[in-house]
Amino acid sequence: ATNRLAVFSHTTLAVEWLVPRIGSFHRAHPGIDLNLFASLEPTSIYDGSADVGIWAGADPLPGTHMDTLFQPEYFPVCAPRLLGGADTIRPGDLKRFQLLYSIYQVPHWQAWLRAAGIDDIELDAPGFTTSAQAYRAAQDGHGMFLAQRMFVSNDIAAGILTAPFRLAVRHPAAYRVVSLEPRKGEPNIQAF
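Procedures and definitions
- Residues numbered from 1 in each chain as written.
- Predicted model: local features only at pLDDT ≥ 70, side-chain atom pairs only at ≥ 80, totals over all residues.
- Heavy atoms only, no water.
- Phe/Tyr/Trp six-rings, centres within 6.5 Å; stacked < 30°, edge-to-face > 60°.
- Helix = DSSP H or I, 4+ residues; strand = E, 2+ residues; numbered from the N terminus.
- Buried < 20%, exposed > 50% of the residue type's maximum accessible area, 1.4 Å probe, protein only.
- Pairing = 2+ DSSP bridges.
- Axes fitted to C-alpha atoms, helices over the stretch in contact; angles between N-to-C directions.
- Contact = heavy atoms within 4.5 Å.

Whenever I open this one, the packing of aromatic side chains confuses me. Can you help?
How two aromatic rings sit relative to each other is set out by the distance from centre to centre and by the angle between their planes. For the structure shown, the criterion picks out 8 aromatic pairs. Centroid distance F25 to F192: 6.1 Å. Interplanar angle 65 degrees. Geometry classified as edge-to-face. Separated by 167 residues along the polypeptide, F25 in helix α1 (residues 11-28) and F192 in the segment after α6 (187-191) bring together distant segments of the chain. F25 sits in the buried class, given a relative accessible area of 9%. Note on F70 and F151: the rings are 6.3 Å apart at their centroids and 85 degrees apart in plane angle, and the pair reads as edge-to-face. On the criterion of sequence distance, the pair formed by F70 in strand β4 (residues 64-70) and F151 in helix α5 (residues 149-157) is long-range, its members being 81 residues apart. Grouping residues by exposure puts F70 and F151 together as buried.

I keep staring at the sheet that holds strand β9 (residues 175-180) and nothing clicks. Help me out?
The sheet built from 5 strands is open, its strands ordered β2-β1-β3-β9-β4 with mixed pairing. Either end of the sheet is taken by a strand with one partner, and the two such strands are β2 (32-38) and β4. Recorded for the sheet is a direction-independent mean angle of 25 degrees between the axes of neighbouring strands. In this structure, β4 lies alongside β9, joined through 6 bridges in antiparallel fashion. If you follow T64 over to β9, its bridge partner there is L180.

What exactly am I supposed to notice about helix α4 (residues 131-139) here?
Every α-helix winds through 3.6 residues per turn, so residues three or four apart in the chain are directed the same way. Regarding α4, the residues found buried are S131, A132, A134, Y135, A137 and A138. At its buried positions, α4 is contacted by α1, β6 (99-100), β7 (144-148) and α5. Remark: G141 follows α4 within two positions and exhibits a positive phi of approximately 85 degrees.

Looking at this structure, how should I read the sheet that holds strand β5 (residues 73-77)?
Sheet strands associate in pairs through backbone hydrogen bonding, adopting either a parallel or an antiparallel arrangement. What the 4 strands build is an open sheet, ordered β6-β7-β5-β8; its pairing is mixed. This sheet does not close on itself; its edge strands, each paired only once, are β6 and β8 (169-170). Here β5 pairs with β7 via 4 bridges, running antiparallel. Looking at the pairing, P76 lines up with L146 of β7. Where α4 meets the sheet, its contacts fall on β6 and β7, and the angle it forms with β7 comes to roughly 120 degrees.

Quick look at the structure:
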C-alpha cells in the first residue's frame, strides 16, 4: 500500500518550484505518494486535510514546527524580445511597459519601485488572480513581471526571461516547510 502525504502550497510556488522537484522526491522515496493542493492559508494542517505544507509568512504559526527553505528576493523580469534589442534599460523606463502582477504582488512591486527611487508609477488594479498567470504573461512577452529568484533562475539561464536590472529586494516573510509540532517527526514528513 502506498503512503499518501498531503502537501499544501500556493499555486505559483507549486508550479515553479515544487513540481519540478517531485521527480527527485519520488526517486528517493518511491513509497510515498504526494498529493499536492493549492492553498494560500495554512488552515489545512490544523483541520487535518494536509500533513505538511510550504507557507510564506513573517510570523510563526501557533502549534507548528517550521523549517526555513528560502528568503524571497524580487526583481523585474521579461521576455528578451520585450526590450526590442536593448542591452540595458533604466528603472525609469518601466513606464513604457505593462507591469504584470496579481493582488498578492502589489506590495512587492511597491517595495521594488521605492528601492529603485521611482515614485511616479501607479499600480492599477491587477489583471491576474494568481502570480502564475502573470508569470506566464511575462514569458509570452506581454510585460514586466516582478519575479522571485528561486522561481525564475532556470528560465533566465535558458534565455526565456531576462532580468534587465541588478536591483532586487528581499522580503521578510521566508518560505517555510510547516507541520504540526506533534507530527514533525513522522517519517513521511521528515522525508518531505
